[in-house]
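A closer look at the structure
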Amino acid sequence: MSVATMRFEDGVLHLIDQRVLPLAFETVSCRNAVETADAIRSMVVRGAPAIGCAAAFGLALDAQSAAGQMRPIFDTTLDQAFAVLAASRPTAVNLFWALERMRGVWTSQSTLPSDEMAVALVREAQAIYDEDIAANRAMGAHGAALLPQEACVLTHCNAGALATAGHGTALGVIRSAVEAGKNISVIADETRPFLQGARLTAWEMVQEQIPVTLISDNMAGHMMKSGAVDAVIVGADRIAANGDVANKIGTYMVAVLAARHQIPFYVAAPLSTFDLNAADGDAIPIEERAADEVTGFRDVRWAPEGVRVANPAFDVTPAELIAAIITEQGVIARPDRNKVAAHCRAAPMNNQ
Ligand code: MRU
């Protein structure tokens, strides 16, 4: 595995600082849930599965610090850790899914001494992390089979190793296809305003020498019309019960363009990204982020003072525009409510 997005070692969670890549390779160390929540909120770590794993480790950090305390004190510490982590970002359901898994372990044995419970919570966080890598590998194999022997694949945002515990979802499919001997090249949308495509996807692909061409977001239609794109693959932050997919802002635009040009639009996401409690995309909370992400980048400002700004971080692609959703369990072709329900019901880890 080329990129280790996070490392949990000796009571510290080390995260690659994704805000400064690719100009610098630095790590941020989190020693408790508050620091982990800050890292998630400020995008040190981002990407739906990655923030789920980070949140689980963040909770484990506070469990370790409170180990040895009487259970009521330990339980109060954990309650506060859950609250602070759950408030870090709203859209990616993996965060809440991971926290609920941790809560399941925590509440299952109310009389277990706190030091033993802390060990169990660290073990669970590690399992969430390990299972994410395994899910991405399985998803990669299912998705790679959908791609032709030679293909140029357009992707939006970063759904790579950096956005997960490793291998990636959308980029995992691309990596697996390359490993299987397919001749795959990538077009990376830069992904304004946070530039996950230009900074992170381009960096991951360059590291691995997978041919990648960077475009600004407004070039995607032209590339499709000129025949340069054979397929689109993106990740997801939350998938509703009817198959609607919330992903990085701009994904909907890409899906509409792909439909116009009869290019298959695929979504690769683990089962932990499904939210069957959301009936459709309208029920998915869309994070609104700070205006300064749009008015400039880092220290440079290009928009006039006083301008009104909108910065929704995600949008929803209706299920009807999606050729298939790829999970670790297989492929949901032309997803709809019934197929999503059947797919999730058949999952060994029924997450709902
Ligand atoms: O705001 P971000 O960078 O956390 O948004 C990330 C995305 O939208 C990804 O495409 C999504 O989480 C899938 S990651 C495997």
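Residues numbered from 1 in each chain as written. Predicted model: local features only at pLDDT ≥ 70, side-chain atom pairs only at ≥ 80, totals over all residues. Heavy atoms only, no water.

Some thoughts on the packing of aromatic side chains
Under the convention used in this document: Pairing of aromatic side chains requires ring centres within 6.5 Å, counting the rings of Phe and Tyr and the six-membered ring of Trp. Pairs whose planes differ by under 30 degrees are stacked, by over 60 edge-to-face, and all others tilted. Per the convention used, a helix needs a DSSP run of H or I reaching at least four residues, while a strand needs a run of E reaching at least two, with both numbered from the N terminus. Buried means the residue's accessible area, taken with a 1.4 Å probe over protein chains only, is under 20% of the maximum for its type, while exposed means over 50%, and partly exposed covers the values in between.
Under the defined criterion, the tally for this structure stands at 4 aromatic pairs. Ring plane angle 35° and centroid distance 6.2 Å describe the contact between Phe25 and Trp203, whose orientation is recorded as tilted. A residue pair is termed long-range when its members are at least 10 positions apart, and Phe25 in the loop between strand 2 (12–16) and strand 3 (27–30) and Trp203 in helix 7 (residues 196–207) qualify at 178 residues. The class for Phe25 is exposed, based on a relative accessible area of 53%. With a centroid separation of 5.9 Å and 55° between ring planes, the pair formed by Phe57 and Tyr129 is classed as tilted.

Brief notes about the site of the ligand
Defined as follows: For each residue, the test is whether any non-hydrogen atom lies within 4 Å of the molecule or strand; if one does, the residue is near. Think of a polar contact as two N or O atoms within 3.5 Å of one another; within protein, one of them needs to be a possible hydrogen donor and the other a possible acceptor, and neighboring residues in sequence only count if both atoms come from side chains. The Shrake-Rupley method, run with a 1.4 Å probe sphere, supplies the accessible areas, and residue values consider only the shown protein chains as cover. Definitions used throughout: a 1 Å grid over protein atoms alone; a cavity as a set of points that fits a 1.4 Å probe which cannot get out; a pocket as an open set with protein on both sides within 12 Å along at least five of seven lines; a lining residue as one with an atom within 4 Å of a point. What decides whether a molecule sits in a cavity or pocket is whether more than half of its atoms lie within 2 Å of the grid points.
Near the ligand there are 19 residues, and of these Arg46, Arg89, Asp237, Asn247 and Lys248 occur at the shortest range. Within the contact set of the ligand, an oxygen atom lies 2.8 Å away from a side-chain nitrogen or oxygen of Arg89. In this structure, an oxygen atom belonging to the ligand sits 2.8 Å away from a side-chain N or O atom of Gln196. Summarising the interface, the protein chains cover 99% of the accessible area of the ligand, which totals 420 Å² for the free molecule. When atoms are counted within 2 Å of each cavity's grid points, the one that captures over half of the ligand is the largest cavity. Elements with a minimum of two residues in the shell around the ligand: helix 2 (48–66) and strand 9 (245–248).

Notes on the sheet that holds strand 14 (residues 314–317)
Just so we agree on the cut-off: Strand pairing is assigned whenever DSSP identifies at least 2 bridges connecting the two strands. Should any heavy atoms of two residues lie within 4.5 Å, those residues are considered in contact. Axes here mean lines fitted to C-alpha atoms, for a helix over just the part in contact, with angles spanning 0 to 180 degrees between N-to-C directions.
Ordered by their spatial adjacency, 4 strands build an open sheet running 11-8-9-14, and the pairing between neighbours is mixed. The sheet terminates laterally at strand 11 (274–275) and strand 14, the two strands that pair on one side only. Here strand 8 (residues 238–240) runs beside strand 9; their pairing, made up of 2 bridges, is antiparallel. Within strand 9, the residue paired with Ile239 across the bridge is Val245. Contacts from helix 9 (residues 251–260) reach strand 9 and strand 14, with the element oriented near 30° to strand 14.

Here's the deal with unusual backbone geometry
Residue Leu21 is joined to Pro22 through a cis peptide bond whose omega torsion reads 0°. Tracing the chain through its elements places Pro22 in the loop between strand 2 and strand 3. Cis rather than trans, the peptide bond between Arg192 and Pro193 has omega equal to 5°. For Pro193, the position within the fold is in the loop between strand 5 (183–189) and helix 7. Of note, Gln209 is a non-glycine position whose phi angle comes to about 55°, a positive value. One non-glycine residue, Gln262, lies in positive phi territory at about 50°.

Some remarks on the confidence of the model for the protein
We count it as follows: Within a predicted model, pLDDT stands for the predictor's per-residue confidence, ranging from 0 to 100.
Here the protein averages 97 in pLDDT, and 98% of its residues register 70 or above. Mean pLDDT per element in the protein: strand 12 (residues 296–297) is the minimum at 94, and strand 10 (residues 265–268) is the maximum at 99.

Observations regarding the pairing of strand 15 (residues 324–327)
Judged by which residues are buried, strand 15 turns out to be covered on both faces: Ala324 and Ile326 on one side and Ile325 and Thr327 on the other are all buried. In this structure, strand 10 lies alongside strand 15, joined through 3 bridges in parallel fashion. Counted as the bridge partner of Ala268 is Ile326 from strand 15. Connecting the antiparallel pair strand 15 and strand 16 (residues 330–333) is a turn made up of 2 residues.

Focus: the state of the cysteines
What counts, and what does not: Defined by distance alone, a disulfide is two cysteine sulfur atoms within 2.5 Å.
Counting across every chain of the model gives 0 disulfides. Unpaired in terms of disulfides, Cys53 finds its nearest cysteine sulfur in Cys30, a separation of 14 Å. Of the residues examined, Cys53 reaches a relative accessible area of 1% and is grouped as buried. Between Cys157, a cysteine without a disulfide, and Cys53, which holds the nearest cysteine sulfur, the sulfur-to-sulfur distance is 16 Å. Judged by its relative accessible area of 8%, Cys157 falls in the buried class.

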